[in-house]
Amino acid sequence: MKNLFTSLSILFLSIAATAQSVKFNNPAITDKYTGDPAALVYKDKVYLYAGHDEAPNDFHFYKMNEWLVYSSSDMKKWESHPVPLKVTDFKWAKSDAWASQVIERNGKFYWYVTVEHGTVHGKSIGVAVADNPLGPFKDALGKALITNDMTKFSDITWDDIDPTVFIDTDGQAYLFWGNTACHYAKLKENMTEIEGEIHHIKLPNFTEAPWIHKHKDWYYLSYAYEFPEKIAYAMSKSITGPWEFKGILNEIAGNSNTNHQSIIDFKGQSYFIYHNGASKPDGGSFRRSVCVDKLFYNKDGTMKRIVMTSEGIQ
């Protein structure tokens with residue numbers, strides 16, 4: 001009996017120690033409310049860019065004036081850096097530091113952002129540039145790259161949002177973006193001009209937040225699906241399609257109407273970066289927090305359903 005009691009005591013102590021050693025790493029970013037994450041893998045680090053949710057608890061819409069940047073070498077510990085870019089850095093823009101993405105080309109870092117235009121009614125896409133991933137960034141054009149009057153697939157003023165950029169293996173860069181309609185166009189090598197016409201992709205229940213990535217021989221176009229938003233995705237052997245719809249990747253993120261994803265590979269592991277509104281005490285749709293969980297592929301190239309965890313990356 002004494003031996004049994006000793007064994008049980010050791011077991012309970014072991015369980016307690018294990019429970020104490022498990023950290024809850026989601027949300028991954030806790031110093032500020034952050035939404036619309038976009039990650040860049042550069043050399044031996046991941047740079048995480050996000051919009052800063054500044055809405056007070058009694059303000060029930062987005063209040064976003066700047067973007068933030070964090071870096072990590074292990075996906076667990078994130079270092080905060082000085083604010084690299086604000087809406088006011090674009091003299092032609094009026095408000096709304098909405099979803100964005102940074103990409104590197106030839107030693108320059110190009111930041112494609114959503115803002116409200118000052119004179120052309122509606123949302124628009126601007127581009128900033130820097131010599132390193134932490135900035136400082138400056139307006140690369142002095143005007144918008146995409147304005148609301150350039151797209152007619154959807155008759156709303158906010159269909160030109162959520163830019164994502166991908167450079168294909170042949171060196172051709174592409175810009176994808178949209179709300180209710182998914183647009184894409186080629187970018188010239190200078191990364192600040194559209195080349196050719198704007199195309200439209202038909203996807204089931206496309207809401208917003210397109211993200212392009214490639215894994216082995218497959219291209220993946222993931223996006224926010226329905227509203228409140230899940231994440232769904234399509235696959236193709238070519239970045240220009242045709243795209244085959246594959247289904248839901250991520251369910252509705254806790255306490256948030258929106259869902260915005262970034263998918264990367266880093267040091268041999270794939271990651272799914274997203275936001276939810278679950279942070280205590282005042283998290284919600286307009287006070288979101290960035291989270292990270294692992295992503296896995298099936299043998300046929302399809303992606304396994306994302307498991308959202310409180311533990312995050314251990």
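Here, the structure is the one placed above.
Going along each chain's sequence as written, the residues are numbered from 1 onward. pLDDT decides what is reported in this predicted model: residues at 70 or higher carry local features, side-chain atom pairs at 80 or more are listed and counted, and totals for whole chains, interfaces and linings draw on all residues regardless. Side-chain measures here rest on the full set of heavy atoms in the structure, leaving out hydrogens and waters.

Points about the pairing of strand E7 (residues 108-117)
Regular strands place their side chains on alternate faces of the sheet. Extensive coverage of E7 is indicated by the burial of nine of its ten residues. If DSSP finds at least two bridges between two strands, the strands pair. Numbering of helices and strands runs from the N terminus, with a helix taken as a DSSP run of H or I at least four residues long and a strand as a DSSP run of E at least two residues long. Pairing analysis gives nine bridges linking strand E6 (residues 93-105) to E7, with the strands arranged antiparallel. In the strand pairing of E7, Ser95 is matched with Glu116. A loop of two residues connects E6 with E7, the two strands running antiparallel in sequence, and Asn106 in this loop sits at a positive phi of about 55 degrees. Taken together, E7 and the strand that follows it, strand E8 (residues 123-130), pair antiparallel across an intervening segment of five residues, in which Gly122 is found at a positive phi of about 115 degrees. Three labels apply to residues, based on accessible area from a 1.4 Å probe with only protein chains included: buried if under 20% of the type maximum, exposed if over 50%, partly exposed otherwise in between.

Focus: the pairing of strand E13 (residues 194-201)
Relative to E13, strand E12 (residues 182-187) runs antiparallel, the two sharing five bridges. When the bridges of E13 are listed, Leu187 appears paired with Ile194. Here E12 folds back onto E13, and the loop between the two strands holds six residues, one of which, Met191, carries a positive phi near 70 degrees.

A short note on the pattern of salt bridges
Once the charged atoms of two side chains with opposite charge are near each other, the side chains can pair. Salt bridges are defined as contacts in which a side-chain nitrogen from Lys or Arg sits within 4 Å of a carboxyl oxygen from Asp or Glu. Evaluated as defined, the whole model comprises ten salt bridges. With a closest N to O distance of 3.5 Å, Asp36 and Arg288 form a salt bridge. With Asp36 in strand E1 (residues 34-42) and Arg288 in the loop between strand E19 (269-276) and strand E20 (289-295), this pair connects stretches of sequence that are 252 residues apart. By relative accessible area, Asp36 is classed as buried at 8%. Classification of Arg288 as buried rests on a relative accessible area of 2%. One salt bridge in this structure joins Glu193 and Lys188, with 3.6 Å as the shortest N-O distance. Assessed through its relative accessible area of 33%, Glu193 is described here as partly exposed. Accessibility expressed as a relative area gives 32% for Lys188, which makes it partly exposed. One salt-bridge network, held together by shared partners, links Asp36, Asp53 and Arg288.

Comments concerning the side chain of Thr164
Residue placement: Thr164 occurs in strand E10 (residues 164-167). A residue is classified by how much of its surface remains accessible, and Thr164, at 0% relative accessible area, is buried. Here a polar contact means two N or O atoms within 3.5 Å. Within protein one must be a hydrogen donor candidate and the other an acceptor candidate, and residues neighboring in sequence count only if both atoms are side-chain atoms. Separated by 2.6 Å, the side chains of Thr164 and Gln101 make a polar contact. Discounting chain neighbours no more than four positions away, the residues touching Thr164 are Gln101, Tyr174, Leu175, Phe176, Pro210, Trp211 and Ile212. The contact criterion used throughout is that any non-hydrogen atoms of two residues lie within 4.5 Å.

A look at the side chain of Asp159
Considering the arrangement of structural elements, one finds Asp159 in the loop between strand E9 (138-139) and E10. A polar contact of 2.8 Å, which involves the side chain of Asp159, links it to the side chain of Asn148. A polar contact is formed between the side chain of Asp159 and the side chain of Thr151, at a distance of 3.1 Å. With residues up to four places along the chain from it excluded, the contact list for Asp159 reads Asn148, Thr151, Ser154, Trp177, Gly178, Asn179 and His183.

Some details on the packing of aromatic side chains
Any two rings among Phe, Tyr and Trp, with Trp reduced to its six-membered ring, count as a pair given centres within 6.5 Å; such a pair is stacked if its planes are under 30 degrees apart, edge-to-face if over 60, and tilted if neither. By the definition in use, this model includes 18 aromatic pairs. With a centroid separation of 5.7 Å and 65 degrees between ring planes, the pair formed by Tyr62 and Trp98 is classed as edge-to-face. With Tyr62 in the loop between strand E2 (45-52) and strand E3 (66-72) and Trp98 in strand E6, the pair connects residues that are 36 residues apart, well separated along the chain. In this structure Tyr62 comes out as buried when scored by relative accessible area, which is 17%.

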